[in-house]
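Analysis of the macromolecular model
Listed below are the residues making up each chain.
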Amino acid sequence: MIYPVILCGGSGTRLWPLSRKSYPKQFAPLINDETLFQASAQRLQGEKFASPVIMTSSDFRFIVTEQLAAIGIDPGAILIEPEPRNTAPAVLAAALHISKSDPDAVMLVAPSDHVVPDREAFQSAVQKGLTAVTENKLVTFGISPTHAETAYGYLELAAAPDGEGSAVDLARFVEKPHARKAADMLEAGNFLWNAGIFLFKATQIIAAFKEYAPQMLVSVEEAVNEAQTDLGFLRLAKDAWSNTDNISIDHAIMERAKNLSVVPFDSGWSDLGGWDAVWRESNADKQGVVTTGDATAIECKNSLLRSDSDRLEIVGIGLNNIVAVAMNDAVLVADMSRAQEVKLAVSALKAKGATQAVQFPKDHRPWGWFESLVVGDRFQVKRIHVHPGAALSLQSHFHRSEHWIVVEGTARVTVDDKVRLITENQSVYIPLGAVHRMENPGKVPMVLIEVQTGSYVGEDDIIRYEDIYDRREDEAN
């Protein structure tokens, strides 16, 4: 049995403004209606696969469960990393957890934000990698390069591929190259892109950590052994986890291990590491133009125009080699050739204190999401979407009162000792200091407009009395 391990705790910046720290690209529908995370989980389904083990952060745990439930996948376990420590500790934690119940387990470690269109071809490559795993090899997957890419690391093969996709011994890892070196490696023919996907026995990778990173093994083992169950999630112990090195599995283990093999894969792959990659993976028209959402292109060529706002139409006229992405709170316009530099925009926004650098317009919660429509000095207007059967915490505020108007569905509203149902076009007032809660008792989403007034309307003005999601004091409502 193969245990998929999906890594989805990252927060990439090269697809800003769609991908941000509070809601990164793996949870967004970039290519079609399915998110990258959902597509990754679907790709690792089948009779030879166990339920996936998910490595994520506390901020994303309810997004993970919601998106998996939407496609009918029940995870085997969801491990919560107390803080980001890169891929090495995450892979080791998964290996230790899995080996407890199945000492003979084989792990397939995959990022959650890659595009692999041919699921059958990928699973076939995994099967070919199993032969090397039975020989106690640590297997990685290399992508046959289509061009001299400088945004990827490379794998140098010890021998030429046999053309059948069988595993080949790995000579060395190569860091992201400059343009000339990338061209030379493409011409040489024995280099593959490093996909960051791995296949090995849980016991073999644990043994590799014991040899090459013994101190990390001690810390991560402690974090796993002292982990606490929390509403079906497994929270790794914070203190032990903080003692682990912040390092990738490549640097910690793979570049040092001697028993490495590579399975070549040439059936299509992208890590969607920039808007130029999204453009290449999308269905462009005859002029090379990709439009998504409320976007209109007039006499444009080789460009991507995308609107992820239901209130904003983006129009391009005479554009060539341009990326233009619009959201409710930010717009990106860049030359396609400089798509990899989008992260510079995030750094610049952080330096000026702009919330758009990290905060997504829709703030996701376990019960649904909300977005701010208007914010003033002493007021705020929100749209709040509550999933069927979901409920916000029982809470009160020091500095603001609230007025709720239901515009879709039905809300069960608690204000102090009174509980009543509020339907469409009805409203309720929440006085300053009142203990209150809203719930959706129905079978369809409930949407309301909230008007806050008071001296302070920040999200941290909250006293929480009860919460069905058992969130901690440092987590938002």
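Residues numbered from 1 in each chain as written. Predicted model: local features only at pLDDT ≥ 70, side-chain atom pairs only at ≥ 80, totals over all residues. Heavy atoms only, no water.

**Things to note about the overall build of the protein chain**
To keep things clear, this is the line we draw: Secondary structure elements follow DSSP: runs of H or I no shorter than four residues count as helices, runs of E no shorter than two count as strands, and numbering proceeds from the N terminus. Two residues form a contact once any of their heavy atoms are found within 4.5 Å. When charges are counted, neither His nor the chain ends are considered; positive counts come from Lys and Arg and negative counts from Asp and Glu. A charged residue contributes its charge at one atom only: NZ of Lys, CZ of Arg, CG of Asp or CD of Glu.
Looking only at helices and strands, the protein chain features 11 helices and 28 strands. With the C-alpha coordinates aligned to their principal axes, the bounding extent of the protein chain is approximately 75 × 60 × 40 Å. Long-range pairs, those at least 24 residues apart, make up 68% of the contacts in the protein chain between residues at least 6 apart in sequence. Taken together, the 45 basic and 63 acidic charged side chains of the protein chain have centroids lying 2 Å from each other.

**What to know about the environment of Leu-260**
Turning to its location among the elements, Leu-260 is positioned in strand S11 (residues 260-265). When the C-alpha positions of Leu-260 and Leu-344 are compared, they lie 35 Å apart, and in sequence the two are 84 residues distant. Not counting residues up to four positions away in its chain, the partners in contact with Leu-260 are Lys-137, Leu-138, Asp-169, Leu-170, Phe-173 and Met-254.

**A word on the sheet that holds strand S27 (residues 446-454)**
Spelled out, the test is: DSSP bridges decide pairing: two strands pair if at least two such bridges lie between them. Angles shown run from 0 to 180 degrees and are taken between the N-to-C directions of axes, each axis being a line fitted to C-alpha atoms and, for helices, limited to the stretch in contact.
With antiparallel pairing, 6 strands are arranged side by side in an open sheet as S18-S19-S20-S27-S22-S25. Among the strands making up the open sheet, the edge pair consists of strand S18 (362-365) and strand S25 (427-430). The average undirected angle you get between the axes of adjacent strands in this sheet is 20°. In this structure, strand S19 (residues 368-375) lies alongside strand S20 (residues 379-386), joined through 7 bridges in antiparallel fashion. Each bridged residue has a counterpart across the sheet, and for Val-375 the counterpart in S20 is Gln-380.

**Focus: unusual backbone geometry**
For the peptide bond that leads from Trp-16 to Pro-17, omega is 10°, which places it in the cis range. Summarising the element assignment, Pro-17 is placed in the loop between strand S1 (2-7) and helix H1 (36-43). Its identity is not glycine, yet Asp-416 carries a phi of approximately 55°, on the positive side. Mapping Asp-416 onto the fold places it in the loop between strand S23 (410-415) and strand S24 (418-423). Unusually for a residue other than glycine, Asn-425 sits at a positive phi of about 75°.

**What to know about the UniProt feature "domain: Nucleotidyl transferase" (unreviewed entry) in the protein chain**
Worth spelling out the cut-off: UniProt positions are given in the numbering used here, feature names are shortened, and annotations may be inferred rather than shown by experiment.
Residues annotated by UniProt as "domain: Nucleotidyl transferase" (unreviewed entry) correspond here to residues 4-286. This span, residues 4-286, is 35% helix and 21% strand, and a straight line between its end C-alpha atoms measures 39 Å.

**Some details on the packing of helix H3 (residues 87-101) against helix H7 (residues 214-225)**
Short version of the rule: Angles are sorted into four bins: roughly parallel if under 35 degrees, roughly antiparallel if over 145, roughly perpendicular if 65 to 115, and oblique for all others. Should the near helix be turned anticlockwise from the far one by less than a right angle, the crossing is termed left-handed; should it be turned clockwise, right-handed. Residue polarity is assigned by list, with Asp, Glu, Lys and Arg as charged and Ala, Val, Leu, Ile, Met, Phe, Trp, Tyr, Cys and Pro as nonpolar; anything else, Gly included, falls into the polar class.
Contact geometry for H3 and H7: axes closest at 9 Å, N-to-C directions at 55°. For the element pair H3 / H7, the angle class is oblique. Between H3 and H7 lies a crossing whose hand is right-handed. Together, Ala-88, Pro-89, Leu-92, Ala-93, Leu-96, His-97 and Lys-100 of H3 and Met-216, Leu-217, Val-220, Glu-221, Val-224 and Asn-225 of H7 make up the contact between the two elements. For the contact of H3 with H7, the residue count by class is 9 nonpolar, 2 polar and 2 charged.

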